[in-house]
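# Overview (structure and organization)
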Amino acid sequence: MSKKVIVFNGSPRKNGNTSRLIDMFVKGAEESGNNVSRFNLQNMNIHGCLGCCKGGADKNSPCVQKDDMEKIYPEYEKADVVVFASPMYYWSITGQLKCAIDRLFAVAETNADYSNPKKDCCLLMAAEGDTEDNFEPVKHYYEALLRHLGWNDKGIVYAGGNMAIGDIEGKKELEYAYTLGKSI
């Protein structure tokens, strides 16, 4: 059964290592018959959450801020699978990705009990460091986020040892991303 997949690319680099992970994931997902929407957050006008708790009045436009999240909300609502992709910046996801994640709260506000739509989720991450300890803060954030949202983890690809654009070429993590996409 085909699924709708939305990819949040939090990388500021147009053709960086995170983008290559996404390319391979998307290739696998599409080969399996899934429909994929990809949002390159760096190129979008997305403002930080105001914490106003005034969203949710309009399911089609849930946030009081009117920016490029308006392009994301309809695809997010329809998605079965959400993919968060980011390079590691200071032992976390990028600000671009965090900003978009925060803004998803407006969708939860459309429900009286602030429940989030149930989704499956994946994480793709490129980083310079290549140890389990290096990825621990992101792993903790990702697992806590999914636990609180009530989402299901479908897989993680951590690709360490990548600093310069192109460092990821020829590495096994590209195949892991492809296989993960194929399994969706």
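Higher on the page you've got the structure.
First things first, this report covers the structure right here in the doc. These numbers come from a predicted model, not from an experiment.

### A closer look at the overall build of the protein
Looking only at helices and strands, the protein has 6 helices and 5 strands in total. Relative to a compact globule of 184 residues, whose C-alpha radius of gyration would be 16 Å, the protein shows 16 Å and is just as compact. Oriented by its inertia axes, the alpha-carbon framework of the protein measures out at about 50 × 40 × 30 Å. Looking at the 184 residues of the protein, the share that counts as buried comes to 50%. On the protein, roughly 9100 Å² of surface is accessible, and the fraction owed to carbon and sulfur atoms is 50%.

### A short note on a nonpolar patch on the surface
A grouping of Tyr89, Tyr90 and Trp91 is seen on the molecular surface, where their side chains present a nonpolar patch of about 430 Å² in accessible area. With respect to the helices, strands and loops of the structure, Tyr89 is situated in the loop between β3 (81–87) and α3 (95–103). The exposure class assigned to Tyr89 is partly exposed, which follows from its relative accessible area of 39%.

### As for the pattern of salt bridges
Under the definition given, this model contains 11 salt bridges. Close ionic contact of Lys71 with Asp68 constitutes a salt bridge, the shortest N to O distance being 3.4 Å. Between Lys78 and Glu75 there is a salt bridge; the shortest N-O distance is 3.3 Å. With Lys78 and Glu75 both in helix α2 (residues 69–78), this residue pair falls 3 residues apart, about one helical turn. Judged by its relative accessible area of 24%, Glu75 falls in the partly exposed class. One network of salt bridges, in which partners are shared, links Arg20, Asp23, Arg38 and Glu169.

### Here we look at the sheet that holds strand β4 (residues 120–126)
By definition, the strands of a sheet pair up through backbone hydrogen bonds, in either a parallel or an antiparallel sense. Read from one edge of the open sheet, 5 strands run β2-β1-β3-β4-β5, paired in parallel fashion. Each end of this open sheet is capped by a strand with a single partner; those strands are β2 (35–40) and β5 (152–159). Between one strand axis and the next, the sheet turns through 15° on average, direction left out of account. As judged from the 7 bridges shared by β4 and β5, these two strands associate in the parallel manner. When the sheet's bridge partners are listed, Asp120 is paired in β5 with Asn152. With respect to the sheet, helix α6 (residues 172–183) is in contact with β4 and β5, its orientation differing from that of β5 by roughly 165°.

### Here we look at the packing of aromatic side chains
Working definition: an aromatic ring pair is given by the centre-to-centre distance plus the angle between the planes. Considering all chains together, one arrives at 6 aromatic pairs under this definition. Residues Tyr90 and Trp91 carry aromatic rings whose centres are separated by 5.3 Å and whose planes lie at 55° to one another, so their mutual orientation is tilted. When its relative accessible area of 47% is taken as the criterion, Trp91 is described as partly exposed. For the pair Phe105 and Tyr114, a centre-to-centre distance of 5.8 Å together with 10° between the ring planes defines the contact as stacked. For Phe105, a relative accessible area of 36% puts it in the partly exposed group. Through pairs of rings, three or more aromatic residues link up here, namely Phe8, Tyr76, Phe84 and Trp151. When the ring centre of Tyr76 is taken as origin, the NZ or CZ atom of Lys119, which lies over that ring, is 5.1 Å away.

### Description of the nonpolar core
Counting 34 residues, the largest nonpolar core has Phe8, Leu41, Ile72 and Phe84 as its most contacted members. For this core, the elements supplying multiple residues, two or more each, are β1 (4–9), α2, β3, α3, α4 (105–108), β4 and α5 (132–149). The element that contributes the greatest number of residues to this core is α5, accounting for 6 residues. Ignoring sequence-local partners within four residues, the contact set of Ile72 consists of Ile6, Phe8, Phe39, Leu41, Met44 and Ile46. Within the second largest apolar cluster, 23 residues are counted, among which are Phe25, Cys122, Leu124 and Ala177.

About the criteria used
Residues numbered from 1 in each chain as written. Predicted model: local features only at pLDDT ≥ 70, side-chain atom pairs only at ≥ 80, totals over all residues. Heavy atoms only, no water. Helix = DSSP H or I, 4+ residues; strand = E, 2+ residues; numbered from the N terminus. Rg over C-alpha atoms; globule rule 2.2 N^0.38 Å. Buried < 20%, exposed > 50% of the residue type's maximum accessible area, 1.4 Å probe, protein only. Areas by Shrake-Rupley, 256 points an atom, 1.4 Å probe, with all protein chains shown as cover. Patch = residues over 30% accessible without salt bridge, like charges linked within 9 Å, V, L, I, M, F, W, Y side chains within 5 Å. Salt bridge = Lys/Arg side-chain N within 4 Å of Asp/Glu carboxyl O. Pairing = 2+ DSSP bridges. Axes fitted to C-alpha atoms, helices over the stretch in contact; angles between N-to-C directions. Contact = heavy atoms within 4.5 Å. Phe/Tyr/Trp six-rings, centres within 6.5 Å; stacked < 30°, edge-to-face > 60°. Lys NZ or Arg CZ within 6 Å of the ring centre and 35° of its normal. Core = buried A, V, L, I, M, F, W, Y, C linked by side-chain atoms within 4.5 Å.

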